[in-house]
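Structure assessment
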Amino acid sequence: MASTVANKCLSPLAFITRRFSAPEFITQCCYHKKVVDHYENPRNVGTLDKRSKNVGTGLVGAPACGDVMKLQIEVDDHGKIVDARFKTFGCGSAIASSSLATEWVKGKSVDEALQIKNTDIAKELCLPPVKLHCSMLAEDAIKAALADYRLKQQDDQQEAVRASS
């Protein structure tokens, strides 16, 4: 399939009939339309108050490519993720993976969010093998945010026990 897209985009006829600007050429030929959609219209960009006891923050990076991903979740009193935000410094696939991850975690319980795997993200976005590390970063960011949230909850419970003693 990738060769079909590449052949279509790289054929001389494509250049004769239509001129692409460099960014348009790359998005037309190298990224799936789902990646382009999340890149051009990212969902849930921003930050939540990291000091809040109901907010978990995950910050992960990939030294090999320089991508850095911050993903935050806000959990209600019933353990349901009610909001998610991200900021990502990286390629289109990293931004798309972050955007999709925030969409998928919303409305899930903490335990359900842990079930989101990089393979699911990669499959949904049709990521090529060379971009699988982006979906791995998104999974790691979800896990890190959930771990941070759980750590804050444990600290909160320990403080309550100390206060009652």
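Small disclaimer: the values here were computed from a predicted structure and weren't measured.

1. Looking at the pattern of salt bridges
In the structure shown here, the tally under the stated rule is 9 salt bridges. Here Arg150 makes a salt bridge to Asp111, at a shortest N to O gap of 2.5 Å. Here Arg150, found in helix α8 (residues 132–164), pairs with Asp111, found in helix α6 (residues 110–113); they are 39 residues apart in sequence, far enough to count as distant. Its salt-bridge partner being Glu139, residue Lys143 comes within 2.8 Å of it at the nearest N-O pair. Placement of both Lys143 and Glu139 in helix α8 is noted, with a separation of 4 residues, approximately one turn of the helix. Since its relative accessible area comes to 7%, Glu139 is described here as buried.

2. Focus: the side chain of Ser98
With respect to the helices, strands and loops of the structure, Ser98 is situated in helix α5 (residues 92–105). Overall, the relative accessible area of 0% leaves Ser98 in the buried class. Leave out the neighbours within four places in its chain, and Ser98 touches Met69, Leu71, Phe86 and Thr88.

3. Concerning a nonpolar patch on the surface
Residues Leu59, Val68 and Phe89 make up a contiguous nonpolar surface patch of roughly 330 Å² in combined accessible area. Overall, Leu59 belongs to the exposed group, its relative accessible area being 60%.

Conventions adopted
- Residues numbered from 1 in each chain as written.
- Predicted model: local features only at pLDDT ≥ 70, side-chain atom pairs only at ≥ 80, totals over all residues.
- Heavy atoms only, no water.
- Salt bridge = Lys/Arg side-chain N within 4 Å of Asp/Glu carboxyl O.
- Helix = DSSP H or I, 4+ residues; strand = E, 2+ residues; numbered from the N terminus.
- Buried < 20%, exposed > 50% of the residue type's maximum accessible area, 1.4 Å probe, protein only.
- Contact = heavy atoms within 4.5 Å.
- Patch = residues over 30% accessible without salt bridge, like charges linked within 9 Å, V, L, I, M, F, W, Y side chains within 5 Å.
- Areas by Shrake-Rupley, 256 points an atom, 1.4 Å probe, with all protein chains shown as cover.

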